[in-house]
Amino acid sequence: MERVAVMGAGSWGTAFAKVLADAGTDVVLWARRAEVADEITRSRVNSGYLPSTVLPANLVATHDPEKALDGAQAVVLGVPSQTLRVNLAEWKPLLPAGATLVSLAKGVELGTLKRMSEVVREVADVPEDQVAVVSGPNLAKEIAAEQPTATVIACTDHDRAVDLQHACSTSYFRPYTNVDVVGCELGGACKNVIALACGMAAGLGFGDNTMASIITRGLAETARLGAALGADPLTFAGLAGLGDLVATCASPLSRNRTFGERLGRGETVAQAQEAAHGQVAEGVKSCSSIRELAARLGVDMPITDGVHRVCHEGLDPRLLTAALLERERKAERQ
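Small disclaimer: the values here were computed from a predicted structure and weren't measured.

Here we come to the domain arrangement of the protein chain. What the domain assignment reports for the protein chain is domain 1 (3–179) and domain 2 (187–325). The centre of domain 1, based on its C-alpha atoms, is set 25 Å off from the matching centre of domain 2. If you look at the interface, domain 1 gives 22 residues, while domain 2 gives 25 residues. Each partner contributes to the roughly 1,800 Å² buried at the junction of domain 1 and domain 2, and carbon and sulfur atoms together form 68% of this total. When residues of domain 1 are sorted by the area they lose upon contact with domain 2, Lys106, Leu113 and Leu139 head the list and together hold 32% of the total.

Structure (structure tokens):
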């Protein structure tokens, strides 16, 4: 895999493009705004997202999707989950035949309740084994700073996952392969919602016992949803499950954790969004679609339900805490 297109020059798209380039892959990074592509070309920096990171010479940027996609053996989709469908529909006529389509987005689509790989398959009209996902404890700023981390590349075609593994293996970024696309995607989507809850708890002044309880019970409800959709239970004990969950819930670099913390301190959703300067906290929207998916499958997800009620029904986070603690007593594994 010698040439890869990364579609989306936000924090994670740019950081993953750097990983690919550092691994020796020629990368074309597509930016929605021409000025971002021009800045990267001129100064090797994406100042709006990763201002301290100098990008490699074998990473070039463009605002032209046709130029980005021409000849790519893999197309990495680095746009937010709720805009993936409309963007991919525009790019579909330009996609190289047979190219591996790789989703970086972590969410469940509103309305359709589809996972990102399902959206990609539907819009691009490609078979399941042509789509891969990347998920793990991958905070973009730490990866851009070349701090050691690991991730999971999931694809039902193991050989295709291995090709991607080789294309992004560096001295600081260690990818593992997995064929459980469902579990990896659910872990990535649900952890954003649980991180919002952890942020709310931090904003309310609660400590480590509370955080550990939310993370553990959040993992339990994620695993219940995964079981209902046929995921491998072991996936949730791995990098795309527990690993991603811990990083996103605990780190101040996590947009979802930070967003939730603002809500816990009494800010409105609109105020928290303004403070994020346009960067997307995926869990704010995904909490609604995950909640609806769980209801459809008869899966109990009380933390997800509570986060939805705070973000979209105006529930005070303090009342959410009380509601969760006052739920019916039961055995831990129920």
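Take the environment of Leu55 next. Of note, Leu55 is situated in the loop between helix 2 (34–43) and strand 3 (59–62). Exposure remark for Leu55: the relative accessible area of 4% places this residue in the buried category. Between the alpha carbons of Leu55 and Ala21 there is a distance of 8.6 Å; along the sequence they are 34 residues apart. Residues in contact with Leu55, not counting those within four places in the same chain, are Thr14, Lys18, Ile40, Arg44 and Asn46.

Let us look at the sheet that holds strand 3. With mixed pairing, the eight strands of this open sheet are ordered in space as 3-2-1-4-5-6-7-8. Single-partner strands in this sheet number two, and they are strand 3 and strand 8 (173–178). Neighbour-to-neighbour, the strand axes of this sheet turn through a mean angle of 25°, independent of strand direction.

About the cut-offs
- Residues numbered from 1 in each chain as written.
- Predicted model: local features only at pLDDT ≥ 70, side-chain atom pairs only at ≥ 80, totals over all residues.
- Heavy atoms only, no water.
- Domains from an automatic or database assignment.
- Contact = heavy atoms within 4.5 Å.
- Buried area = accessible area lost by both parts, 1.4 Å probe.
- Helix = DSSP H or I, 4+ residues; strand = E, 2+ residues; numbered from the N terminus.
- Buried < 20%, exposed > 50% of the residue type's maximum accessible area, 1.4 Å probe, protein only.
- Pairing = 2+ DSSP bridges.
- Axes fitted to C-alpha atoms, helices over the stretch in contact; angles between N-to-C directions.

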